[in-house]
Amino acid sequence: DAGITQSPRHKVTETGTPVTLRCHQTENHRYMYWYRQDPGHGLRLIHYSYGVKDTDKGEVSDGYSVSRSKTEDFLLTLESATSSQTSVYFCAISESLVGPAQHFGDGTRLSIL
Amino acid sequence: GENVEQHPSTLSVQEGDSAVIKCTYSDSASNYFPWYKQELGKRPQLIIDIRSNVGEKKDQRIAVTLNKTAKHFSLHITETQPEDSAVYFCAASISTGRRALTFGSGTRLQVQP
């Protein structure tokens, strides 16, 4: 399996609090992605990164921000969490030369009360 | 942007039967189509992918077919086994530039022993 570590794996927090999820990779892959997974919606792209300090929005980016200061780390921040952001969050990585095949981390289950 | 529709949402088959899952996509520029398998509580894992320059690809009991004219692609699993029970996701993307995947909503496959 690709070396992808997500932390924390589980988190429960309250509405209005800030939350940061971390994705760490040991594969030196250029591309990193954050998805959320909700029943009936498959996986939806929140933000992605195509290099250090290079990020762009996905289809469900409202309420989320990201940062990538090092190749190996991609952070997802919920500035002020809402109950609608309760979800399972997956990080994914892909290589730059072989094609867009993506490999996923184990996910973070986030509950916002 | 790209839109991927997946059918059926649930599929139940007897062990040893075949299973077929179908997806359609909207963006004619899409040229990469992976399939992921996700077991309960686990990460999505790539099981097979196909690029638009081929019409069919096989890997043991799994095959994927692509019809670019009709913009649809299908996953075929033969001789199904109980361990094939999982949620399967199709996806589509363009293999240059952003490389973000657009996922279908998933098919829950149950193989009855």
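Below, the structure is looked at part by part. (Residues numbered from 1 in each chain as written. Chains lettered and ligands numbered in written order. Predicted model: local features only at pLDDT ≥ 70, side-chain atom pairs only at ≥ 80, totals over all residues. Heavy atoms only, no water.)

## Some details on the sheet that holds strand β7 (residues 64-70) of chain A
Residue and element names in this part refer to chain A. Here is the rule: A pair of strands is treated as paired once DSSP finds two or more bridges between them. Strands here mean DSSP runs of E at least two residues long; helices mean DSSP runs of H or I at least four residues long; both are numbered from the N terminus. The axes used here are C-alpha line fits, helices contributing only the stretch in contact, and every angle between their N-to-C directions lies in the interval 0 to 180 degrees.
With respect to topology, four strands assemble into an open sheet ordered β1-β3-β8-β7, the strand pairing being antiparallel. The sheet is open, and its two edges are formed by β1 (4-7) and β7, each paired on a single side. Between one strand axis and the next, the sheet turns through 15° on average, direction left out of account. Pairing geometry for β7 and strand β8 (residues 73-78), over five bridges, is antiparallel. Along β8, the bridge assignment pairs Ser67 with Leu75.

## Focus on the pairing of strand β9 (residues 87-94) of chain A
Looking along a regular strand, one sees the side chains alternate between the two faces of the sheet. Residue and element names in this part refer to chain A. To keep things clear, this is the line we draw: Here's how the labels work: a residue is buried when its accessible area is under 20% of the maximum for its type, exposed when over 50%, partly exposed in between, all with a 1.4 Å probe on protein chains only.
For β9, a buried count of eight out of eight residues is recorded, marking the element as mostly surrounded by other parts of the structure. Residues Ser87, Tyr89, Cys91 and Ile93 point to one face of β9 and Val88, Phe90, Ala92 and Ser94 to the other, with burial holding for every one of them. Relative to β9, strand β4 (residues 31-38) runs antiparallel, the two being bridged by seven bridges. By the bridge assignment for β9, Trp34 is matched with Cys91. Relative to strand β11 (residues 108-112), β9 runs antiparallel, the two being bridged by three bridges. Of the residues in β11, the one forming a bridge with Tyr89 is Thr108.

## What about the nonpolar core?
Threshold: By convention a nonpolar core is built from buried Ala, Val, Leu, Ile, Met, Phe, Trp, Tyr and Cys residues, the set being connected through side-chain atoms within 4.5 Å. Contacts are residue-level and defined by heavy atoms, with any inter-residue pair within 4.5 Å sufficient.
Counting residues in hydrophobic clusters, the biggest one holds 23 residues, and the most contacted among them are B:Trp35, B:Phe73, B:Leu75 and B:Leu109. If near-sequence neighbours (up to four positions away) are discounted, B:Leu109 is found in contact with B:Leu11, B:Val13, B:Ala19, B:Ile77, B:Asp84, B:Ser85, B:Ala86 and B:Tyr88.

## Observations regarding the state of the cysteines
The condition that has to hold: Note on disulfides: each one is a pair of cysteine sulfur atoms within 2.5 Å.
Following the criterion strictly, the structure yields two disulfides over all chains and no others. Here A:Cys23 pairs with A:Cys91 through a disulfide, and the sulfurs are 1.9 Å apart. Across the disulfide from A:Cys23 to A:Cys91, rotation about the S-S bond amounts to roughly -70°, and the bridge is consequently left-handed. Taken as a pair, A:Cys23 in strand β3 (residues 19-25) and A:Cys91 in strand β9 lie far apart in primary sequence, 68 residues in all. Overall, the relative accessible area of 0% leaves A:Cys23 in the buried class. By relative accessible area, A:Cys91 is classed as buried at 0%. Note on cysteine connectivity: B:Cys23 is disulfide-linked to B:Cys90, with sulfurs 1.9 Å apart.

## Description of the packing of aromatic side chains
For clarity, the cut-off: Stacked, tilted and edge-to-face are the three classes applied to pairs of Phe, Tyr and Trp rings, where Trp contributes its six-membered ring and a pair requires centres within 6.5 Å; stacked means planes under 30 degrees apart, edge-to-face means over 60, and tilted covers the rest.
Applying the stated criterion across every chain yields a total of 15 aromatic pairs over all chains. Each ring, one from A:Phe104 and one from B:Tyr36, has its centre 5.4 Å from the other, and the planes form 90°; the classification is edge-to-face. Here the residue A:Phe104 occupies a position in strand β10 (residues 102-104), and B:Tyr36 occupies one in strand β4 (residues 32-38), the pair thus bridging two chains. Given the relative accessible area of 1%, A:Phe104 is considered buried. Given a relative accessible area of 0%, B:Tyr36 falls into the buried group.

## Observations regarding the environment of A:Val88
All names here are of chain A. Topologically, Val88 is positioned in strand β9. Overall, the relative accessible area of 14% leaves Val88 in the buried class. Taking C-alpha positions, Val88 is 12 Å from His41, a pair spaced 47 residues apart along the chain. With residues up to four places along the chain from it excluded, the contact list for Val88 reads Tyr35, Arg36, Gln37, Thr108 and Arg109.

## Details of the pairing of β4(B)
Residue and element names in this part refer to chain B. Counted residue by residue, β4 has seven buried out of seven residues, so it is predominantly covered. Residue alternation in β4 divides its side chains into two sets, Tyr32, Pro34, Tyr36 and Gln38 and Phe33, Trp35 and Lys37, and both sets are buried. Pairing geometry for β4 and strand β5 (residues 45-51), over six bridges, is antiparallel. Within β5, the residue paired with Lys37 across the bridge is Gln45. As consecutive antiparallel partners, β4 and β5 are separated by six residues, and within that stretch Gly41 has a phi angle of approximately 75°, a positive value. Bridging between β4 and strand β9 (residues 86-92) involves four bridges; their strand directions are antiparallel. By the bridge assignment for β9, Lys37 is matched with Tyr88.

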